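# Summary of structural features
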Amino acid sequence: MAKEPVRVLVTGAAGQIGYALVPMIARGVMLGPDQPVILHMLDIPPAAEALNGVKMELVDAAFPLLKGVVATTDVVEACTGVNIAVMVGGFPRKEGMERKDVMSKNVSIYKSQASALEKHAAANCKVLVVANPANTNALILKEFAPSISEKNITCLTRLDHNRALGQISERLSVQVCDVKNVIIWGNHSSSQYPDVNHATVKTPAGEKPVRELVKDDEWLNAEFITTVQQRGAAIIKARKLSSALSAASSACDHIRDWVLGTPEGTWVSMGVYSDGSYNVPAGLIYSFPVTCQNGEWKIVQGKDCQLKCHYFPLTP
Ligand SMILES: NC(=O)C1=CN([C@@H]2O[C@H](COP(=O)(O)OP(=O)(O)OC[C@H]3O[C@@H](n4cnc5c(N)ncnc54)[C@H](O)[C@@H]3O)[C@@H](O)[C@H]2O)C=CC1
Ligand SMILES: O=C([O-])CC(=O)C(=O)O
């Protein structure tokens, strides 16, 4: 029997990431090739015409899994009945800005959208915050939507996780799908700590530690880390726009693994509500290694890393 459609909200849907993300969702990249979806797209009134253009293109693309499109500038209409909310709407940072520089612009947006989600989303709605500063916006959303379970509010650090996998794969000339179990600790900002100390590569002789194969601790402890930390800025410098394609793809990875589960023996990085694990103060939204099963994430324990403390002063 065909599955019931899942309603997926994308805020900022007329923007760069939105434009890359909505066709991925409609193609089944986020929720699987047998899961019908109804897309809810929200943007602000000045972007209404562009948003309508995106809706027209979604119709024109004739996606078999797409069972409906709500394109609106009304936050209540956008949030009503949604099962998954991907919060992309906001002001992006430009060249030369840190992510914290867009905080004041984005905080007020997250307050009002939190209330609408709390009142109108489906019970158990899962929320992924992408807009910067992502950890802070997620925390604000949690504050202003107190009845949404803290287990259901997350932020995107999967892009940083994927960037770390990509750097290792390039360095070793191996397939990215053979590299696993990097960890992004902390914030989606330049204070994050990309950690390869538990990461492995699948080789014909079995799984080998990344450090053993790279054989260059100096690179792993310095250039690798700063490359991942600064990758967003490098893309903005090159494109004059933020990393829309990879952010959209990573948002799909984040929700897919959360809903459908992480593969056996593999963890991923997600910004989640800290329960005090690894001495991270409870109540912060912090990126940890997690595994997912039955629609729930769980922090992987016992992967302490000595270097982590250097990155502890959290900046948004
Ligand atoms: N967490 C991550 O890994 C990444 C996060 N980002 C962040 O994602 C956000 C979106 O980036 P882009 O799509 O490149 O920006 P964009 O400027 O192309 O699109 C943002 C969209 O949000 C809309 N918007 C503004 N205020 C809104 C509101 N109150 N309600 C609904 N929509 C609203 C704008 O009209 C625009 O269409 C930015 O904050 C960016 O910094 C970008 C890349 C990676
Ligand atoms: O760097 C930015 O502002 C956009 C972003 O978050 C990223 O690409 O990681």
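Small disclaimer: the values here were computed from a predicted structure and weren't measured.

## A short note on the site of ligand 2
The local shell around ligand 2 consists of R93, R99, N132, R163, H188, G232, I236, S242 and S243. Here N132 contributes a side-chain N or O atom positioned 2.8 Å from an oxygen atom of ligand 2. At 2.4 Å from an oxygen atom of ligand 2 is found a side-chain nitrogen or oxygen belonging to S243. Alone, ligand 2 offers 260 Å² of accessible surface; in the complex the protein occludes 94% of this. Residues belonging to the shell around ligand 2 are distributed by class as follows: one nonpolar, five polar and three charged.

## Points about the sheet that holds strand β10 (residues 200-203)
The strand order β7-β10-β11 describes an open sheet built from three strands, whose pairing is antiparallel. Sheet topology places β7 (179-180) and β11 (206-209) at the edges, where each strand pairs with a single neighbour. Here β10 pairs with β11 via four bridges, running antiparallel. Residue pairing for β11: T203 is matched across the bridge by G206.

## Some points on the pairing of strand β12 (residues 268-273)
The element β12 is largely enclosed, with a buried count of six among its six residues. Bridge count between β12 and strand β13 (residues 285-293): six bridges; the pairing is antiparallel. Bridge pairing in β13 places V272 opposite Y286.

## Details of unusual backbone geometry
Apart from glycine, the bulk of residues carry a negative phi angle, and the bulk of peptide bonds sit in the trans form. Residue N132 is joined to P133 through a cis peptide bond whose omega torsion reads -5°. Mapping P133 onto the fold places it in the loop between β5 (126-129) and α5 (134-144). Even without being glycine, N124 reaches a positive phi, approximately 70°. With respect to the helices, strands and loops of the structure, N124 is situated in the loop between α4 (103-120) and β5. With a relative accessible area of 57%, N124 lands in the exposed category. Despite not being glycine, K215 has its phi angle at roughly 55°, a positive value.

## Focus: the UniProt feature "binding site: substrate" (unreviewed entry) in the protein
According to UniProt, the feature "binding site: substrate" (unreviewed entry) maps to R93, R99, N132 and R163 in the numbering used here. Counting through the fold element by element, N132 comes out in the loop between β5 and α5. With relative accessibility at 18%, the residue N132 sits in the buried group. With residues up to four places along the chain from it excluded, the contact list for N132 reads R99, V102, N106, N137 and H188. As for its placement among the helices and strands, R163 is situated in helix α6 (residues 158-172). For R163, a relative accessible area of 10% corresponds to the buried category. Apart from the residues within four sequence positions on either side, R163 is in contact with R99, H188, V228, R231, G232 and S243.

Reading guide: rules and limits
Residues numbered from 1 in each chain as written. Chains lettered and ligands numbered in written order. Predicted model: local features only at pLDDT ≥ 70, side-chain atom pairs only at ≥ 80, totals over all residues. Heavy atoms only, no water. Near = heavy atom within 4 Å. Polar contact = N/O pair within 3.5 Å; in protein donor to acceptor, adjacent residues only side chain to side chain. Areas by Shrake-Rupley, 256 points an atom, 1.4 Å probe, with all protein chains shown as cover. Nonpolar A, V, L, I, M, F, W, Y, C, P; charged D, E, K, R; others polar. Pairing = 2+ DSSP bridges. Helix = DSSP H or I, 4+ residues; strand = E, 2+ residues; numbered from the N terminus. Buried < 20%, exposed > 50% of the residue type's maximum accessible area, 1.4 Å probe, protein only. UniProt positions renumbered as here; feature names shortened; annotations may be inferred. Contact = heavy atoms within 4.5 Å.

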